[in-house]
Amino acid sequence: MPLPFQNTVLTGACGGLGQALARQLLAQGSVVALVGLNHPALEALAATAPYRCAIYTPDVADPQAMQACAQDWVGRFGVPDLLIANAGVAGGFDTAQADDLAVMRRMLEINVLGVATTFQPFLDAMRAQGRGSLVGVASLAGWRGMPGNGAYCASKGALIRYLESLRAELRGSGLRVHTVSPGYLRTPLTAGNQFVMPGLMEADDAARALLAAVARGREQIVLPRHMGWLSRALSLLPTAWHDRILLGQPRKPRVGEAGATAIPGLPPRP
């Protein structure tokens, strides 16, 4: 179905889900602010609709940088009716390793603070406009902690609670807040996983389902939907049983190890 969105700001536009969202929004005629750190990837996207895009490469956790992006975008294209905070990072975490504390700090900055700094510069203008959707891309990993993934699970769990709070604050304003909890998507973030990924979903399919659900006004979006039912069913097990099941799975590589995705803003490990 045609999407109602005319003006979109999208962070994390370089990655698998972000690129898929950008392509579908541009194909539907929206103007799109492409926010990310991979400038060549953003240029390739912008080339598909050169007069309907602008490229920004800030650190999403930097309030001043995001405010500058917002000021420039609104001045050129107007107030967005769709704001998607998709930027995020992932990686294994070991509390016993002192170096991993910096990993957790940076992950919280990007995955939680980055969403608030994305929303904040646009919020008053969107509220004055009286309509619009704010989308935060969390994860099913935020529903329950998983061994070796404590930093990521903590960041996504915190994001879910932040979005719940914002949703309550904006009731009656004409703005909707949407929490997206993907399971496993075929993206660079999951490429290094050495364990079974049930319900693995292609990024294009996930983007299509996400945008359709936002357009319908759904506030809680799970991708794919049956993974939400599975996660809720597993949560009914006794905690000890659940822990044993999870401990039997290979852990995600720690940041800096072979197969792990680098995190922007962290120096490479020796």
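One can find the structure itself at the top, above this paragraph.
Computed from a predicted structure; not experimentally measured.

Trainee: Outline the packing of aromatic side chains, listing residues and values.
Mentor: All told, the structure shown has 1 aromatic pair when counted by the stated rule. Taking 4.2 Å as the distance between ring centres and 25 degrees as the angle between the ring planes, the aromatic pair formed by Trp-73 and Phe-77 counts as stacked. On the criterion of helical spacing, the pair formed by Trp-73 and Phe-77 is a turn pair, its members being 4 residues apart in helix α3 (residues 63–77). According to the relative accessible area criterion, Trp-73 is buried, its value standing at 0%. Take Phe-77: its relative accessible area is 25%, and that puts it in the partly exposed class.

Trainee: How would you sum up the sheet that holds strand β1 (residues 7–11)? Please name residues and give values.
Mentor: Strand order across the open sheet formed by 7 strands is β3-β2-β1-β4-β5-β6-β9, with parallel pairing between neighbours. Only two strands of the sheet have a single partner each, and these edge strands are β3 (53–56) and β9 (220–223). Within this sheet the neighbouring strands show an average axis-to-axis angle of 15 degrees, counted without direction. As judged from the 4 bridges shared by strand β4 (residues 82–85) and strand β5 (residues 132–137), these two strands associate in the parallel manner. Note on β5: the bridge partner recorded for Ile-84 is Val-135. Each of β2 (31–35) and β3 touches helix α2 (residues 39–46); the most contacted strand, β3, lies at about 175 degrees to it. Sitting on the sheet, α3 is in contact with β1, β2 and β3, with an inclination near 165 degrees to β3.

Trainee: Run through empty space enclosed by the protein, naming residues and quoting values.
Mentor: Within the structure shown, the criterion is met by 2 cavities of 30 Å³ or more. Its volume calculated, the second largest cavity comes out at about 40 Å³. For the lining of the second largest cavity, the secondary-structure elements that each account for two or more residues are β2 and α3. If you tally residues by element for the lining of the second largest cavity, the top one is α3, at 4 residues. Considered class by class, the residues forming the lining of the second largest cavity number 9 nonpolar, no polar and no charged.

Trainee: Would you mind going over the nonpolar core in detail, with residue names and values included?
Mentor: Counting 40 residues, the largest nonpolar core has Trp-73, Phe-119 and Leu-134 as its most contacted members. Listed by contribution, the elements that provide at least two residues to this core are β2, β3, α3, β4, α4 (100–129), α5 (150–169) and β6 (175–182). If one sorts the elements of this core by residue count, α4 sits on top with 8 residues. Residues within four places of Trp-73 in sequence aside, it is in contact with Asn-7, Thr-8, Val-9, Val-31, Val-32, Ala-33, Cys-53, Ala-54, Tyr-56, Gly-78 and Phe-122.

Trainee: Report on the pattern of salt bridges, specifying residues and quantitative values.
Mentor: This structure, assessed with the given rule, holds 10 salt bridges. With a shortest N-O distance of 3.3 Å, Arg-76 and Asp-72 are connected by a salt bridge. Here Asp-72 and Arg-76 lie together in helix α3, a separation of 4 residues that amounts to about one turn. As a salt-bridge pair, Arg-161 and Glu-164 come within 2.9 Å of each other at their nearest N and O atoms. With a gap of 3 residues between them, Arg-161 and Glu-164 both fall in helix α5, about one helical turn apart. One network of salt bridges, with partners in common, ties together Asp-59, Arg-106 and Glu-109.

Trainee: Residues and numbers for the packing of α4 against α5, please.
Mentor: Remark: α4 packs on α5, axes separated minimally by 7 Å, with the N-to-C direction vectors making an angle of 20 degrees. The angle between the axes of α4 and α5 places the two elements in the roughly parallel class. Once α4 is placed against α5, the crossing between them reads as right-handed. For the pair α4 and α5, the contacting residues are Met-104, Met-107, Leu-108, Asn-111, Val-112, Val-115, Ala-116, Phe-119 and Leu-123 in the first and Gly-150, Ala-151, Tyr-152, Ala-154, Ser-155, Lys-156, Ala-158, Leu-159, Tyr-162, Leu-163 and Leu-166 in the second. For the contact of α4 with α5, the per-class residue count stands at 16 nonpolar, 3 polar and 1 charged.

Trainee: Please set out helix α6 (residues 203–216) residue by residue, giving values where relevant.
Mentor: With 14 residues, α6 should reach 20 Å at 1.5 Å per residue; the first-to-last C-alpha distance of 20 Å fits that figure. Of the residues making up α6, those classed as buried are Ala-203, Ala-206, Ala-207, Leu-210, Leu-211, Ala-212, Ala-213 and Val-214. Directly after α6, the chain includes Gly-217, whose backbone phi takes a positive value near 90 degrees.

Trainee: So what about the pairing of β3? Which residues, and what values?
Mentor: Sheet topology places β2 next to β3; 4 bridges connect them, and they run parallel. In the sheet register, Val-35 faces β3, and the bridge partner there is Tyr-56. Chirality of the crossover, the property in question, places the unit of β2, α2 and β3 among those that are right-handed.

Calculation rules
- Residues numbered from 1 in each chain as written.
- Predicted model: local features only at pLDDT ≥ 70, side-chain atom pairs only at ≥ 80, totals over all residues.
- Heavy atoms only, no water.
- Phe/Tyr/Trp six-rings, centres within 6.5 Å; stacked < 30°, edge-to-face > 60°.
- Helix = DSSP H or I, 4+ residues; strand = E, 2+ residues; numbered from the N terminus.
- Buried < 20%, exposed > 50% of the residue type's maximum accessible area, 1.4 Å probe, protein only.
- Pairing = 2+ DSSP bridges.
- Axes fitted to C-alpha atoms, helices over the stretch in contact; angles between N-to-C directions.
- Contact = heavy atoms within 4.5 Å.
- 1 Å grid on protein atoms, 1.4 Å probe; cavity = no way out; pocket = protein on both sides within 12 Å on 5 of 7 lines; lining within 4 Å.
- Points joined across faces, edges and corners; volume = space filled by probe spheres on them.
- Nonpolar A, V, L, I, M, F, W, Y, C, P; charged D, E, K, R; others polar.
- Core = buried A, V, L, I, M, F, W, Y, C linked by side-chain atoms within 4.5 Å.
- Salt bridge = Lys/Arg side-chain N within 4 Å of Asp/Glu carboxyl O.
- Parallel < 35°, antiparallel > 145°, perpendicular 65-115°, else oblique.
- Left-handed = near helix turned anticlockwise from the far one by under 90°.
- Expected span 1.5 Å × (residues − 1).
- Right-handed = clockwise from strand over helix to strand, strands pointing away.

Read these as spatial facts, not as claims about activity.
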